[in-house]
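# Coordinates in review
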Amino acid sequence: MMEYEYYDWTSLINTDSRQCMVTDIDREIANGNYWKNSPPYQTNINIFGLPNENWNNLKMSFIWSCFAFMKREAQIKSVKSWGYKTNLNTQEDRNRYWHQHIRENNLVVSGVYYIEMPEGANLETSGTELAHTTPEGTTTYVPAKEGHWLIFPGKTWHRPGILESNNWRYIVAADMEI
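The text that follows walks through the structure, step by step, so that each part is easy to find. Remember, predicted model here, so these are calculated numbers, not experimental data.

Quick notes on the rules
Residues numbered from 1 in each chain as written. Predicted model: local features only at pLDDT ≥ 70, side-chain atom pairs only at ≥ 80, totals over all residues. Heavy atoms only, no water. Helix = DSSP H or I, 4+ residues; strand = E, 2+ residues; numbered from the N terminus. Buried < 20%, exposed > 50% of the residue type's maximum accessible area, 1.4 Å probe, protein only. Expected span 1.5 Å × (residues − 1). Contact = heavy atoms within 4.5 Å. Polar contact = N/O pair within 3.5 Å; in protein donor to acceptor, adjacent residues only side chain to side chain. Pairing = 2+ DSSP bridges. Axes fitted to C-alpha atoms, helices over the stretch in contact; angles between N-to-C directions.

All right, on to unusual backbone geometry then. Non-glycine residue Lys71 carries a positive phi angle of around 65°. Among the secondary structure elements, Lys71 is positioned in the loop between helix 2 (53-70) and strand 2 (78-86). A relative accessible area of 73% means that Lys71 is categorised as exposed.

Attention shifts here to helix 2. An ideal rise of 1.5 Å per residue puts 26 Å on 18 residues; helix 2 measures up with 26 Å between its terminal C-alpha atoms. The complete set of buried residues in helix 2 reads Asn54, Trp55, Asn57, Leu58, Ser61, Phe62, Ile63, Ser65, Cys66, Phe67, Phe69 and Met70. If you follow the buried residues of helix 2, they end up packed against strand 1 (5-8), helix 1 (15-30), strand 2, strand 3 (108-116), strand 6 (148-153) and strand 8 (169-177). For helix 2, the N-terminal capping position is held by Asn52, with its side-chain oxygen 3.0 Å away from the main-chain nitrogen of Asn54. Looking one or two residues beyond helix 2, the residue adopting positive phi is Lys71, at roughly 65°.

Another point: the sheet that holds strand 3. Reading across from one edge, 1-6-3-8-2 is the order of the five strands in this open sheet, with antiparallel pairing throughout. Since the sheet does not close on itself, it has two edges, and those belong to strand 1 and strand 2, each with one partner. Adjacent strand axes in the sheet meet at a mean angle of 20° when their direction is disregarded. Packing against the sheet, helix 1 makes contact with strand 2, strand 3 and strand 8, and its axis sits at approximately 100° to strand 3. Contacts from helix 2 reach strand 1, strand 2, strand 3, strand 6 and strand 8, with the element oriented near 45° to strand 6.

Inspection of the secondary structure puts Ser17 in helix 1. There is a polar contact of 3.1 Å between the side chain of Ser17 and the side chain of Asn54.

Okay, the sheet that holds strand 7 (residues 158-160) next. On the basis of which strands lie adjacent, the open sheet formed by three strands has the order 5-4-7 and antiparallel pairing. Since the sheet does not close on itself, it has two edges, and those belong to strand 5 (139-142) and strand 7, each with one partner. With strand direction ignored, the average angle separating the axes of adjacent strands in the sheet is 20°. As paired strands, strand 4 (residues 128-131) and strand 5 are joined by four bridges and run antiparallel to one another. Residue pairing for strand 5: Leu130 is matched across the bridge by Thr140.

Set out below in structure tokens:
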């Protein structure tokens, strides 16, 4: 059984707020603030650090979601976040993109927040794919849900779901180390 949970934040972070986040991510990418050696386009700034209410609400919703997932509060060592803008033409080679987030002597809780999915996307397979044990074993596609955090242990092998559209998919990925 896979260990993950969704947290719905659509009442705090509405469609207008998410559209402002899309605009912010587009601006950061246009300004060159993205990693050149990562999947196009992954911001190279802590996206939660952008100075407006939308990003502050998203950061606080992530922290709360992690605490709810763990069923406890904990001392936070760090919170890191990245904005992603991807489509069929920019996605990485899926066979090489399995990864996990492990930090020595720390517990990592990871999350994916679905800002905007392409119209007509197959939400069942375009969300996030999680491996039960290793990428070579059984996997589960976790559907994308706009306005929701998907929270799971950072040690879980994962990769983006299947992108089948030339329209953009916008998400935020985040890690909380405790």
